Amino acid sequence: MNDATPSDPAPAIEVNNLECGYNGKVVLKNVSFTVRRGEIFFIIGGSGCGKSTLLRHLVGLNTPTAGTVKFLGRSFTDADPVARRGMLKTFGMLFQSGALWSSLTLRQNVALPLEEYTSLSSAEIDEVAALKLGQVGLGGFEDYFPAEISGGMKKRAGLARALALDPAIVFFDEPSAGLDPVTSRKLDELILQVRENFGTTIVVVSHELASIFSIADRVIMLDSAQQGIIAEGRPRDLAANSRDPRVSEFLRREDKPL
Amino acid sequence: MSAKPETRNARASATVDGDTLEVTLAGAWRITEPQPSWPDLLGGRTPARVRLRLEAVEVWDTSLLLYLFAVQEWCRVCGAYCDVSPLPEKIRALLAQMTASHETSVPFDRSESFLNSVGRATLDTLVKAREISHFVGDCVLSTVQLVRSPRRFRWRDCIEEMQQCGAMALPIVSLVSLLVGVTLAYTGAIVLRQYGGDIYLADLIGLSMVREMGAVMTAVVLAGRTGAAFAATLGNMKANEEIDALETLGIPAVQFLVLPRLLALAVMMPLLALYANALGILGGMSVAYGLLAIPPTAFWAEMLATVDLTDVSAGVIKAVAFGLIVGLSGCLRGLQAERSAAGVGRAATSAVVTAILLMIVADAIFAVLFNALGI
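Quick notes on the rules
Residues numbered from 1 in each chain as written. Chains lettered and ligands numbered in written order. Predicted model: local features only at pLDDT ≥ 70, side-chain atom pairs only at ≥ 80, totals over all residues. Helix = DSSP H or I, 4+ residues; strand = E, 2+ residues; numbered from the N terminus. Rg over C-alpha atoms; globule rule 2.2 N^0.38 Å. Buried ≥ 20, exposed ≤ 12 C-beta atoms within 10 Å, placed from the backbone. Contact = placed C-beta atoms within 7 Å. Pairing = 2+ DSSP bridges. Right-handed = clockwise from strand over helix to strand, strands pointing away. Domains from an automatic or database assignment. Axes fitted to C-alpha atoms, helices over the stretch in contact; angles between N-to-C directions. Core = buried A, V, L, I, M, F, W, Y, C linked by C-beta atoms within 7 Å. Nonpolar A, V, L, I, M, F, W, Y, C, P; charged D, E, K, R; others polar. Expected span 1.5 Å × (residues − 1). Parallel < 35°, antiparallel > 145°, perpendicular 65-115°, else oblique. Left-handed = near helix turned anticlockwise from the far one by under 90°.

## A word on the overall build of chain A
In terms of regular secondary structure, chain A is built from 9 helices and 11 strands. A compact globule built from 258 residues would reach a C-alpha radius of gyration of about 18 Å, and chain A, at 18 Å, matches this within 12%. Across the 258 residues in chain A, those meeting the buried criterion constitute 47%. Nonlocal contacts in chain A, meaning residues at least 24 apart in sequence, comprise 66% of its contacts between residues at least 6 apart.

So, in structure tokens, the structure goes:
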């Protein structure tokens, strides 16, 4: 979404002392960070450090045991169900597998949030669905079912669905997982294009170094032993200057001989 | 998205300048909020030129593009000139994208002629019949291989399945059989009472349960309970490429997954059917005692005069066959499932329908066969 007026002072996302876990087991604690509007923000870290867990707690799929999450200055964790439903319109999410509804065509997948949250006519919804699918390079595939397209196409269709309502914030869970470098690169270009077109704030969970260095404005790094954030900053700065061996080892993996 | 309270809703106004309609858009254009309508703004006018101005737009998203696209399309259809030059470059680029996606988005017509549909359905039926034959053939060949080397058989899986489809099914089989016995007794009593043949209710219940209802009702319960579970499990395994993983290791899915399940059902079905017979007879006996005052000993003696081991064997043979049918249907539909959530659901439904259909056909064949053999 484009905002011609001077930007609101509230950041896109504010996380304060968040504690995440499952079944009484704490995975992350004292997690605090801020994502500015229009920023491409990466949550990085090794496998099992809690990246996807943090993301699921941010978007409300799991309830944090402590702490708060604010979107655009409004508290999400403390919001009542009605306010919470209203806030769900402000963000979209691309799941690791695309998570398309298999019984619906790509057009219907993209149209569903529009039918749910807008008063557009069905012809207008079809136009928007075609535009969104066209923007992710799936023009002409509107009436295909998810089972009829490849894994990379499913991710792009999932992105089109996440963008259907022009959300202010889009979350990506491991967008490059299972994709070849060329497709992965194209997805990175799409992320940049989404930000360019609509000024969208992007939050990405990934451990794909190529993506981190090519599109991330800022990153936070999580660590399973510390159960929280061990580094925050611009990826190139962290790679060049961090004295924490866990950070430098992660970000300079290609430099290290085997 | 802006959270500024002073931001107003999307607005559109028009002023006429000669043959030009100057359209000024203003406010916040959000797709989740109501937007002005282009036909309402036009109000029946037919200008030769339309000029669009967006200086007063505060916030915009796809809803603005949608409006601009509607204006552009109207101009194209009515032969008016749409002046988009005052629009920012970014919006013009997105509008061009929208026009392109409108042109490429041609609905994919999946409908076909009646003859095509009939032809396709016929071919599908033939393919399915061939698949069933192949599957049964595979099962027979795998059984032969396993008889030659029984150590390769997955005994542990088979015993687990026996527990699942046998012991765990006891409560539902008990309830259904008991109630079938009760229902048969009530229905039979209506006719037999009129002719003073109350005692023959024992024969009716005994023969019906032992030869027919025990095996059929148990098979129906297992088709819904176990057959659907087999289809869902195998369908899910197929969707997760677990079956492909077996094939790449050179382990036939039929040998690894299907035979333990088939054997489990073939063993447990007759046992469950015998148990169902007993419960059904108990239900009938209770009604006979309560409704017609027939003592249980008299009921039992009368029943034994009619029902012999041949009748029990006929029921057991049917039960084994029904067990194999339920297992084969469940496993076949599971292995044929599409690799999606909907595909797994369809496979489970199809497994139950196939099992019940084949079971009724088999029951009819058994009836003719037993009659011919004098059993």
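## What to know about the pairing of strand β8 (residues 169-173) of chain A
Residues and elements named next belong to chain A. Of all 5 residues in β8, 5 are buried, a share of seventy percent or more. Of the two faces of β8, the one carrying Ile169, Phe171 and Asp173 and the one carrying Val170 and Phe172 are both buried. Two strands pair when backbone bridges link them, and β8 and strand β9 (residues 201-205) are joined in this way by 5 bridges, in the parallel orientation. Bridging across to β9, Phe171 finds its partner in Val203. Following the chain from β8 across helix α6 (residues 181-198) to the adjacent parallel β9, one finds a crossover that is right-handed.

## Examining the domain arrangement of chain B
Considered domain by domain, chain B is made up of domain 1 (11-104) and domain 2 (125-373). Computed from C-alpha atoms alone, the centre-to-centre distance between domain 1 of chain B and domain 2 of chain B is 67 Å.

## Section: the sheet that holds strand β11 (residues 228-233) of chain A
Remark on secondary structure: sheet strands pair via backbone hydrogen bonds, oriented parallel or antiparallel. Residues and elements named next belong to chain A. Strands sit in the order β7-β8-β9-β4-β10-β11 across an open sheet of 6 strands; the sheet is mixed. Unpaired on one side and paired on the other, β7 (91-94) and β11 mark the two borders of the sheet. For this sheet the average axis-to-axis angle between neighbouring strands, irrespective of direction, equals 15 degrees. As judged from the 4 bridges shared by strand β4 (residues 40-45) and β9, these two strands associate in the parallel manner. Paired with Ile43 across the two strands is Val205, which belongs to β9. Relative to the sheet, helix α5 (residues 151-162) contacts β7 and β8, its axis offset from that of β7 by approximately 170 degrees.

## Some details on the nonpolar core
By size, the foremost hydrophobic cluster in this structure holds 95 residues, and its most contacted members are Leu133 and Val170 of chain A. Broken down by element, the residue count for this core peaks at 7 residues, all from helix α2 (residues 62-78) of chain B. Aside from chain neighbours lying at most four places away, what touches Val170 of chain A is Phe91, Gly92, Leu94, Ala162, Leu163, Val194, Thr200 and Ile202 of chain A.

## Overview of the interface of chain B and chain A
Chain B puts 30 residues into the contact, and the matching count from chain A is 33 residues. Breaking the side of chain B that touches chain A down by element, the ones donating at least two residues are β3 (49-60), α2, α3 (89-104) and α12 (341-373) of chain B. Take the side of chain B that touches chain A: its biggest share by element is 7 residues, from α3 of chain B. Its residues assigned to classes, the side of chain B that touches chain A comprises 16 nonpolar, 9 polar and 5 charged.

## Let's talk about the sheet that holds strand β6 (residues 74-75) of chain A
Residue and element names in this part refer to chain A. Taken in spatial order, the 4 strands make up an open sheet running β3-β2-β5-β6, and their pairing is antiparallel. On the outer flanks of this sheet lie β3 (25-35) and β6, each paired with one strand and no other. Looking at chain direction, strand β2 (residues 13-22) and strand β5 (residues 66-71) are connected through 5 bridges and run antiparallel. Directly across from Ile13, in β5, lies its bridge partner Phe71.

## Let's talk about the environment of Pro270 of chain B
All names here are of chain B. Mapped onto the elements, Pro270 comes out in helix α9 (residues 253-292). Along the primary structure Pro270 and Ala215 are separated by 55 residues, whereas in three dimensions their C-alpha atoms are 7.5 Å apart. Setting aside its immediate chain neighbours within four residues, Pro270 contacts Val316, Ala319 and Val320.

## A short note on α6 of chain A
Since the α-helix packs 3.6 residues into each turn, any two residues three or four apart lie on the same face. Between the first and last C-alpha of α6 of chain A there are 26 Å, a value that for 18 residues agrees with the 26 Å anticipated at 1.5 Å per step. Those residues of α6 of chain A that fall on the buried side of the exposure criterion are Ser184, Leu187, Asp188, Ile191, Val194, Asn197 and Phe198 of chain A.

## Concerning the packing of helix α3 (residues 106-117) of chain A against helix α4 (residues 122-135) of chain A
Between two packed helices, the angle of one axis relative to the other and the distance separating the axes together describe the packing. Residues and elements named next belong to chain A. With their axes 9 Å apart at the nearest point, α3 and α4 run at an angle of 120 degrees to one another. On the basis of their axis angle, the class for α3 and α4 is oblique. By crossing handedness, the relation of α3 to α4 is classed as right-handed. When α3 is examined against α4, the residues Leu106, Arg107, Val110, Ala111, Leu114 and Glu115 are found in contact with a partner set consisting of Ile125, Asp126, Val128, Ala129, Lys132 and Leu133.

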